[in-house]
Amino acid sequence: MASNKKYWKSVEELKDHSPILETLRQNEFVEPIPTDEFLGDEQTMENSSTSRRDFLKFVGFSTAAATLAACEGPVIKSIPYVNAPDEIVPGVANYYATTIADGFDFANVLIKTREGRPIKVESNDMAMHNGSVNARVHASVLSMYDTQRLAGPMIGGEAASWADFDSQMAAKLNGMAGKEVVLLTQTFASPSTSKLIAEFTAKYPNVKHVVYDSVSSSEALDAFQNKFGVRALADYDFSKAEVIVSVGADILGDWQGGGYDSGYSAGRVPKNGKMSRHIQFESNMTLSGANADKRVAVKPSELKKIMNALNGGSTSGLSDKVAEAVKNAKAQLNAAGANGVVVCGAEDVACQAMVLEMNANSVVMDAAKPRMVRQGNKAEVLKVMNGVMSGSVKGLIAVGVDPVYAFPGKGFAEAFANLELSATFAMKANATAAASQFVGATPHYLESWGDAQIKKGYFSLQQPTIRPLFDTRSFQDTLLAWMESDQTYYDYIKDTWTSILGGSSWNQALQDGVFMSDAEVAMDVAGSENVDTTLEDATSNGAQDGASSGMELLLYTNTAIGDGRQANNPWLQEMPDPITRASWDNYLTMSAADAAAKGIINENVANGALNGSYAKVTVGDVTLEKVPVYIQPGQAKGTVGLALGYGQTNAIQKEMQTGVNAYALYNGFNLMQAGVQVEKTSGDHEFACVQLHNTMMGRDIIRETTLDVYKDKDVHYWNPIPEVSKDHQEIPVTSPDADLWDPFDRSVGHHFNMSIDLNACTGCGACVIACHAENNVPVVGKSEVRRSRDMHWLRIDRYYSSEEDFAADAQKKDDMSGLWGDNGSLGGFGEMEDPAENPQVAFMPVMCQHCNHAPCETVCPVAATSHGRQGQNHMAYNRCVGTRYCANNCPYKVRRFNWFLYNENDEFNYHMNNDLGRMVLNPDVVVRSRGVMEKCSMCIQMTQKTILDAKRDGRPVKDGEFQTACSNACSAGAITFGDVNDHSSEIYKKKKDSRMYHLLEAVGTEPNVMYQTKVRNTKES
């Protein structure tokens, strides 16, 4: 039962005797090694030197400015998280609790600083409601060291002083009395900012405040406001759910601000024979659909019909297959009672009202303490857009938003340029700033003060962790200056928090970063009071009514780039998408059937890289030319998907100017668009896709079973121990008799193990970015990724299984005849009629397994890799000569070869190639040179720091103190790390758990990384 599924990572694997796959099987590196270029010329090396000019360049202005800011430490009144040293201690990290609230991502975090430099983001465990500490939040520290940031305010495209900026803006505002001026801001979710803006608009009555969310949640907000009188979003604790039915809501993505991974995964891990059941109706293959027990591919136009059917209506208009799935889902919801929950992503007020009614008695939904992370009103934003274009709006002040880039359709940019007053507050000269008369340079959140109420009653503070690197000033401080107040925003926040704290300590709240209070504070609902939000039977969104011909388009935000505000972050650009495994791009996702009908192809070239056709996409009167098409297994027929956030050029480094601007198709601020015309065009697009790297090749890698089998069958049935033959008798591979190595006592001292629960892992990729930050992993760029040279120490493999359900997979394997099958296709895949229509998906994080019997160690001719007493497989970079014998001998393919010097190399113009970007580097981890192997170290610098701290305190290390970057970043709790010699530890329990198995255990490498078998709840009603 453990090996009864056939997995594949690419459609290429389904072809008969693919020469590309054969090449990849035989050669780890598919291109010739440039030995001449690598070894260089001895005379050249002898004559090379570092010039005085190079030295002066290194200590240039940007480095000097950032270094001075770091050496001065955080601004006065900042409070470290754990201790409060009188001064910065070299070599010792300080942690500051703060909050990110950039309008799209909201989270309570800890910031690790070294010598005054913020270098890493971690979760704030003191926050009961943490927000979404996702990959973008972990990468946000690098965005502070962005060379594209504004260095100061600008007037008319020229640098100016803040005094001139204030005086000219005040004169302009006073001169426009009686004319309509719109203050268009992001959602701040900030009590103090809401109060301050209300005071500002009272001083300037002609200024109207409108909240704009780049990706709207307006219908859900309207429905909640209609029912509860508060403009907010219902919160959900999926750990309490027995049955989850999601209708077009990507609950593991950015739906309602994200952050549901932790609760979801807690309910997905089988305990006492129980786990939640997740049913997903969706068009695009999302993280939620990939993790669901039952996924049903539907069109956006069917979402409203599905909601009506779940709410007791008819299934008329739905296919028999979908109708049957809806019937089963409804029966399971009824059986679950208060432990069942329905969520919906349809942009329809009536559908969202149904959700609130259906969940009225659910223990999963929390309406009493809703989320405040979205406040925008679609109708008001449309009025602003049309008002600017018609000329009724005379002035626009944009704060934290980029409407020139993100507003849909045509004509807004031209109208904006003709406004009597145009001003932008932004960190970078984005498209709106580039067209504005006044540009206020704002600080990064790690340089500024602020506050937030992410969830009602859960307040948090934002404090600076470093002095501003540039001549920036917060928007709130600017408002205070315009109001001729002598207060700073810091003082204003303290005054606002008097009622929130209720006598509690300000310093304690600042140190903790979070504070719970029942105080009622005014929040941003500007613009919503004059909008008619009464429920309607229909919506203006044609994609949900199914009334249009053509294909249906679903716009979405992906895990890496989100709404695009961090598009200049190379960590995020190079992060592979969890589903498609592509980076450095957005693309039109399309089903195989639709692609074949239109003559669109994806094909792998000789080195395994993926190429694909281009398409012209037309929605209404807007056309996007040359959009690359990615053929996505699981995409609903008749639909296409396209990620927002790409296609930016303003204040974006050339290497990061990737993709197409999908906001142009965001008509009416609706993610779902009908009547979409897709036409193949000439040319081939080159994807940076790692889908063919490290394929499974039919081996027993992913183990999974069903909940019924897990409960009722013996463990050896669904999680067998591999056996080997000795003296013509089969013995377990774990038996000492099967061991070729001399025994070694590993029970003395610490022995580190890591457990990865395949049930809890959602594939989100936060661990990948955290590993980047902690270990100075280089970015190599799109061209190198296409050559299979990505440097990620941790990858998250995504596997598709052949059939939609478990039983069909088992039957298919039983019916196969030999490895090649009757049709001669690898692994029998050719016997499947249509493997790509709706496959099941499994995610598997893979890093160095730190084998106790490591095959890499025995083949290294210079002993560069060796085993440590504590279980880690070490790398001595100075000894390594780059033979790559270790990589060839590694069955897990987790070792990375430095083909180039990625640091201070003009060929790799990313953060390691500029003085400012290098400020993020962790001084505890060396930056590797060209020509050496590198890999996961189990963050040995972190484990040794924990040991030294305990030794200093004269105490043993507590369970849970040992962490790696990935285990610390995993909000889902999928990665557990610790000392297996501590028999009271969680990791020891994981090792003894019946679901535990080792990757490729039959090889006999005895890894120190273990996996927990994936269990699916497949039982229908």
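Remember, it's a predicted structure, so these values are computed and weren't measured experimentally.

A. The arrangement of the overall build of the protein in detail. Each helix and strand in the protein was counted, giving 34 helices and 43 strands. Each of the 1021 residues in the protein was classed as buried or not, and the buried ones make up 62%. A sequence separation of at least 24 residues applies to 75% of the contacts in the protein between residues at least 6 apart. By element, 50% of the accessible surface of the protein is carried by carbon and sulfur atoms, the whole surface being about 37,900 Å².

B. Representation of the packing of helix H8 (residues 191-203) against helix H19 (residues 475-482). With their axes 10 Å apart at the nearest point, H8 and H19 run at an angle of 30° to one another. By the angle between their directions, the pair H8 and H19 is classed as roughly parallel. For the pair H8 and H19, the sense of crossing is left-handed. Contacts between H8 and H19 involve Thr193, Leu196, Ile197, Phe200 and Lys203 from the first element and Phe475, Gln476, Leu479, Leu480 and Trp482 from the second. When its residues are assigned to classes, the contact of H8 with H19 shows seven nonpolar, two polar and one charged.

C. Molecular detail of the pattern of salt bridges. One pass over the structure, following the stated rule, counts 41 salt bridges. Here Glu520 and Lys456 are joined by a salt bridge, their closest N and O atoms 3.5 Å apart. One end of the pair, Glu520, is in the loop between strand S20 (514-516) and helix H22 (542-545); the other, Lys456, is in the loop between strand S18 (450-455) and strand S19 (458-462), and 64 residues separate them in sequence. Arg787 is the partner of Glu784 in a salt bridge, and the nearest nitrogen-oxygen pair spans 3.7 Å. Overall, Glu784 belongs to the buried group, its relative accessible area being 7%. Judged by relative accessible area, Arg787 falls into the partly exposed class, the value being 30%. A cluster of three or more residues bridged by salt bridges with shared partners is formed by Lys945, Asp949, Arg952, Asp953, Arg955 and Glu961.

D. Just the nonpolar core, in detail. Among the nonpolar cores identified, the biggest contains 212 residues, and Tyr236, Phe238, Val245, Phe281, Leu588 and Leu642 are the most heavily contacted of them. Sequence-distant contacts of Leu588, defined by excluding residues within four places in its chain, comprise Leu553, Val617, Val627, Pro628, Val629, Tyr630, Val640, Gly641, Leu642 and Val678.

E. View of the side chain of Ser436. On the secondary structure map, Ser436 appears in the loop between helix H18 (431-434) and strand S17 (438-441). Its relative accessible area of 8% is what places Ser436 among the buried residues. Among the polar contacts made by the side chain of Ser436, one reaches the main-chain carbonyl oxygen of Thr432 at a distance of 2.6 Å. Other than its neighbours up to four places away in sequence, Ser436 contacts Phe416, Ser422, Ala423 and Thr424.

F. Region of interest: the pairing of strand S28 (residues 672-686). As paired strands, strand S21 (residues 551-556) and S28 are joined by three bridges and run antiparallel to one another. Paired with Leu553 across the two strands is Gln673, which belongs to S28.

G. View of the sheet that holds strand S4 (residues 117-123). Strand order in the open sheet formed by three strands is S2-S3-S4, and the pairing between neighbours is antiparallel. Of all strands in the sheet, those with a lone pairing partner are strand S2 (93-101) and S4, marking the two edges. Geometrically, the sheet is characterised by an average inter-axis angle of 35° between neighbouring strands, direction not taken into account. The strands touched by helix H6 (residues 135-144) are S2, strand S3 (106-114) and S4; relative to S4, the strand with the most contacts, the crossing angle is about 165°.

H. Examining the pairing of S17 more closely. The alternating pattern of S17 places Phe438 and Gly440 on one face and Val439 and Ala441 on the opposite face, and all of these are buried. The pairing of strand S5 (residues 154-155) with S17 spans two bridges and is antiparallel. Bridge pairing in S17 places Ile155 opposite Phe438. Summarising the sheet, strand S16 (residues 421-426) and S17 pair through four bridges and their orientation is parallel. Residue pairing in the sheet places Ala423 in a bridge with Phe438 of S17.

I. Here's a closer look at helix H14 (residues 349-358). For H14, the tally of buried residues reaches eight of ten residues, placing the bulk of the element in the interior. Among all positions of H14, only Val349, Ala350, Cys351, Gln352, Ala353, Met354, Val355 and Leu356 are buried. Residues of H14 that are buried sit in contact with helix H9 (218-228), strand S9 (233-236), helix H12 (303-310), strand S13 (340-344) and strand S14 (365-371). A side-chain oxygen of the first residue of H14 lies 3.1 Å from the backbone nitrogen of Ala350; this N-cap is Asp348.

J. Spatial organisation of helix H10 (residues 261-268). The element H10 is extensively covered by neighbouring structure, given that six of its eight residues are classed as buried. Asp261, Gly263, Tyr264, Ser265, Gly267 and Arg268 are the residues of H10 that are buried. In this structure, the buried residues of H10 make contact with strand S10 (243-247), strand S11 (277-282) and helix H11 (287-291).

K. Summary view of the confidence of the model for the protein. Residues of the protein with pLDDT of at least 70 account for 85%, and the chain-wide mean is 86. Note on residues 52-62: pLDDT under 50 across the span, and seven contacts to partners over four residues away in sequence or across chains.

L. Spotlight on unusual backbone geometry. Residue His728 is not a glycine yet carries a positive backbone phi of 65°. Judged by relative accessible area, which is 80%, His728 ranks as exposed. Of note, the phi angle at Met938 is positive, near 55°, even though the residue is not glycine. Residue position: Met938 is located in the loop between strand S39 (933-934) and helix H32 (940-953). Overall, Met938 belongs to the buried group, its relative accessible area being 2%.

M. Structural view of the side chain of Asn903. Within the element layout of this structure, Asn903 appears in the loop between strand S38 (896-897) and S39. Take Asn903: its relative accessible area is 13%, and that puts it in the buried class. With sequence-adjacent residues up to four places away left out, Asn903 is seen in contact with Met912, Arg918 and Val927.

N. Up close: the state of the cysteines. One pass over the structure, following the stated rule, counts zero disulfides. Of all cysteine sulfurs in the structure, the one in Cys344 sits closest to Cys351, which takes part in no disulfide; the separation is 4.9 Å. Judged by relative accessible area, which is 0%, Cys351 ranks as buried. No disulfide involves Cys771; its nearest neighbouring cysteine sulfur is the one of Cys939, lying 6.1 Å away. On the basis of relative accessible area, Cys771 is assigned to the buried category, the value being 8%.

O. Representation of the packing of aromatic side chains within the structure. All told, the structure shown has 38 aromatic pairs when counted by the stated rule. Look at Phe459 and Trp497: their rings are 6.0 Å apart centre to centre, the planes differ by 75°, and that puts the pair in the edge-to-face class. Here Phe459, found in strand S19, pairs with Trp497, found in helix H20 (residues 489-501); they are 38 residues apart in sequence, far enough to count as distant. Accessibility classification places Phe459 together with Trp497 in one group, the buried group. Ring-pair connections join several aromatic residues into one group, and the members of that group are Trp162, Phe165, Phe188, Phe200, Tyr204, Phe425, Phe438, Phe475 and Trp482. Between the NZ or CZ atom of Lys713 and the centre of the ring of Tyr717, over which it lies, the distance is 5.2 Å. Between Arg884 and the ring centre of Phe897, over which it is positioned, the NZ or CZ distance is 5.6 Å.

Calculation criteria
- All residue numbers refer to position in the chain's written sequence, counted from 1.
- The model is predicted, so local features are restricted to residues of pLDDT at least 70 and side-chain atom pairs to those at 80 or more, both for listing and for counting; the totals for chains, interfaces and linings are taken over all residues.
- No hydrogens and no water enter the side-chain calculation; it runs on all heavy atoms of the structure.
- Note on conventions: DSSP H or I runs of at least 4 residues are helices, E runs of at least 2 residues are strands, and numbering of each starts at the N terminus.
- Think of it in three bands: residues with accessible area under 20% of the maximum for their type are buried, residues over 50% are exposed, and the middle band is partly exposed, with areas taken using a 1.4 Å probe on protein chains only.
- Every residue pair with non-hydrogen atoms within 4.5 Å of one another is taken to be in contact.
- Per-residue accessibility takes into account occlusion by the displayed protein chains alone, with areas from the Shrake-Rupley method and a 1.4 Å probe.
- Interaxial angles span 0 to 180 degrees and are taken between N-to-C directions of axes, which are lines fitted to C-alpha atoms, for helices over the stretch in contact.
- In these notes the angle categories are as follows: under 35 degrees is roughly parallel, over 145 is roughly antiparallel, 65 to 115 is roughly perpendicular, and the rest is oblique.
- Note: crossing handedness is left-handed where the near helix turns anticlockwise from the far helix by less than a right angle, and right-handed where it turns clockwise.
- When residue character is reported, Ala, Val, Leu, Ile, Met, Phe, Trp, Tyr, Cys and Pro are called nonpolar, Asp, Glu, Lys and Arg charged, and the others, Gly included, polar.
- By convention in these notes, a salt bridge is any Lys or Arg side-chain nitrogen within 4 Å of a carboxyl oxygen on Asp or Glu.
- Here the nonpolar core consists of buried residues drawn from Ala, Val, Leu, Ile, Met, Phe, Trp, Tyr and Cys, with membership extended through side-chain atoms lying within 4.5 Å.
- In the analysis that follows, any N or O atom pair within 3.5 Å is treated as a polar contact, provided that within protein one partner can donate a hydrogen and the other can accept it, and provided that, for residues neighboring in sequence, both atoms belong to side chains.
- Here a strand pair is declared whenever DSSP counts at least two bridges between the two strands.
- Think of pLDDT as the predictor's per-residue confidence, scored from 0 to 100.
- Two cysteine sulfur atoms form a disulfide, by the criterion used here, when they sit within 2.5 Å.
- Each Phe, Tyr or Trp ring, with Trp reduced to its six-membered ring, pairs with another whose centre is within 6.5 Å; inter-plane angles below 30 degrees give stacked pairs, above 60 give edge-to-face pairs, and intermediate values give tilted ones.
- We call a charge positioned over a ring when the NZ of a Lys or the CZ of an Arg lies within 6 Å of the ring centre and within 35 degrees of the ring normal.

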